Amino acid sequence: MREHASTVFGEMSALAVATGSVNLGQGFPDTDGPDLVRDAAIRAIREGRGNQYPPVHGVPELRAAIAEHQRRFYGLELDPATDVCVATGASEAIAAALLALVDVGDEVVMFAPWFDLYAAAVSLAGGHRVEVALTAGTFRPDIEALRTAIGPRTRVLLLNSPHNPTGSVFTREELTAIAAVVREHDLWVISDEAYEHLVYTGSEHVPFASIPGMAERTVTIGSAGKSLSMTGWKVGWATGPTDLVAAVRVTRQHLSFVSSGPFQWAVAEGLALPDSYWEPFRDGLEHQRDLLCDGLAALGFPTTVPQGTYFATTDVRPLGYDDGWAFCRDLPHRAGVVAIPHEVFHDDPDAGKPFVRWAFCKRPEVLEEALARLDRAFG
Ligand SMILES: *Cc1c(COP(=O)(O)O)cnc(C)c1O
């Protein structure tokens, strides 16, 4: 595990504090989720729900709410008794799914740049990661490159759409083409859909399990941290066919045993919120996206406008850098802003080199301050 000893977020957040920078590095919102959900957590604590070990695979109310959420938004039918597993965040759900499905020496194929946890979790499982680069700058899945990357030891395709760090939302056509490869090679799929509710005008979130033939081989991952803006609560889940979820349940119960006590009841209420929560939530993030992306474009920073997530990407080459790491190490001193280089999310040292990621899940005044600082440094 030595290669996973430090994370870029620790280094860049420390640099942000040391330099008094606006931190657009780590992806967490700077405003908390709905009061109703917070009050539900407090009520659960007061009423003694979840203060002691809750049921091992999640409280029945939350499993029912997750199943109902998948039905309401996507038409996916799940049995909450057998097809849902609550976890300590999407993170633990992903780790448990990999530990369940990957044997020592198996290969896990993932698009790059990848979320850093994937690399570490594949190592924990004794597997090997195989990366397939998204197309540079446009960040679309390259289906032929995917097909070529799959070998006799490939067991799992680890998918992520909406995609962190690029903000790409894979289209139904792209997912259908990926599904054909999955079928050809008889793979299992872990589909990380943590940003399912953060998809902006003109795009739609298509769960991989909704592509014909994929429900029976896909473990879908969700996150209350992202969907309800409560990243500190660490409530996530895996859903899918009974046999795959049973395997995830076995490994997960030997990691944290149970998760999040009272927060599970609160998340159950949160997932049932009416459209009057979900629409303004998404619109607010879309406004923040536009604020940041328009601001960066006005400064002459070539920026890929994301279809989803918390993140936008800039190519730093026209700014006088050929390396995103060098840019990100200079930026706190030069401008008082922190960003994250894409190259830490790749194995190939050249792929991702010119790109940096900005988080826009911050209050508009924070984004405006970051843009003003960038303007002073680069304008
Ligand atoms: C944040 C994030 C997660 C982890 O979610 P938690 O619920 O906080 O554990 C998983 N996948 C992606 C792509 C993320 O950005």
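Our subject is the structure that appears above.
What counts and how
Per chain, residue numbering runs from 1 following the sequence as it is written. Residues qualify for local features only when their pLDDT is at least 70, as the model is predicted, and side-chain atom pairs are given and counted only at 80 or more; totals for whole chains, interfaces and linings, by contrast, use all residues. Side-chain metrics rest on all non-hydrogen atoms present in the structure, leaving aside hydrogens and water. Working definition: rings of Phe, Tyr and Trp (its six-membered ring) pair if their centres are within 6.5 Å, and the pair is stacked with planes under 30 degrees apart, edge-to-face with planes over 60 apart, and tilted otherwise. By the criteria applied, helices consist of DSSP H or I runs no shorter than four residues and strands consist of E runs no shorter than two, each listed in order from the N terminus. Accessibility here uses a 1.4 Å probe with only protein chains present; expressed as a share of the type maximum, an area under 20% marks a residue as buried, one over 50% as exposed, and anything in between as partly exposed. Note on criteria: charge over ring means Lys NZ or Arg CZ within 6 Å of the ring centre, with the direction from the centre no more than 35 degrees off the ring normal. Only protein atoms enter the 1 Å grid, on which a cavity is a set of points fitting a 1.4 Å probe that cannot get out and a pocket is an open set with protein on both sides within 12 Å along at least 5 of 7 lines, lining residues being those with an atom within 4 Å of a point. Grid points are joined across faces, edges and corners, and a volume is the space filled by probe spheres set on the points. Proximity criterion: a residue is near a molecule or strand once any of its heavy atoms comes within 4 Å of it. Any N or O atom pair separated by 3.5 Å or less is treated as a polar contact, with the protein-specific requirement of one donor-capable and one acceptor-capable atom, and with residues adjacent in sequence counted only for side-chain atom pairs. Method for areas: the Shrake-Rupley scheme with a 1.4 Å probe, in which residue coverage is limited to the protein chains shown. Should more than half of a molecule's atoms lie within 2 Å of a pocket's or cavity's grid points, that molecule is taken to sit in it.

S.K.: I'd like to hear about the packing of aromatic side chains, residue by residue, with values.
M.R.: One pass over the structure, following the stated rule, counts 19 aromatic pairs. Look at Y53 and F257: their rings are 5.4 Å apart centre to centre, the planes differ by 80 degrees, and that puts the pair in the edge-to-face class. Within this pair, whereas Y53 is found in the loop between α2 (35-46) and α3 (60-74), its partner F257 is found in the loop between α9 (242-253) and α10 (261-271), the two being separated by 204 residues in sequence. Residue class for F257 comes out partly exposed when judged on its relative accessible area of 39%. Here F115 and Y118 contribute two aromatic rings whose centre-to-centre distance is 5.6 Å and whose plane-to-plane angle is 75 degrees, an arrangement assigned as edge-to-face. One cation-aromatic arrangement involves R329 over W325; the distance from NZ or CZ to the ring centre is 3.9 Å. Directly above the aromatic system of F311 lies the positively charged group of R357, at a separation of 3.6 Å from the ring centroid.

S.K.: Which residues make up the layout of surface pockets, and what values do they have?
M.R.: Estimates place the volume of the largest pocket at around 530 Å³. Around the largest pocket, the lining is made up of 27 residues, and of these G27, S91, F115, K226 and K234 lie nearest the centre. Listed by contribution, the elements that provide at least two residues to the lining of the largest pocket are α4 (89-101), α5 (116-124) and α8 (224-227). The biggest single contributor to the lining of the largest pocket is α4, with four residues.

S.K.: Lay out the site of the ligand in plain terms, naming residues and giving numbers.
M.R.: The environment of the ligand is made up of 13 residues, and the closest members are S91, D192, Y195, K226 and K234. In the environment of the ligand, an oxygen atom lies 3.0 Å from a nitrogen or oxygen atom belonging to the side chain of K226. For the ligand, an oxygen atom lies 2.7 Å from a polar atom in the side chain of K234. Relative to its unbound accessible area of 390 Å², the ligand is 94% covered by the protein chains. Its atoms largely coinciding with the cavity grid, the ligand occupies the largest pocket.

From the geometry alone we can't say anything about function, so treat these as descriptive.
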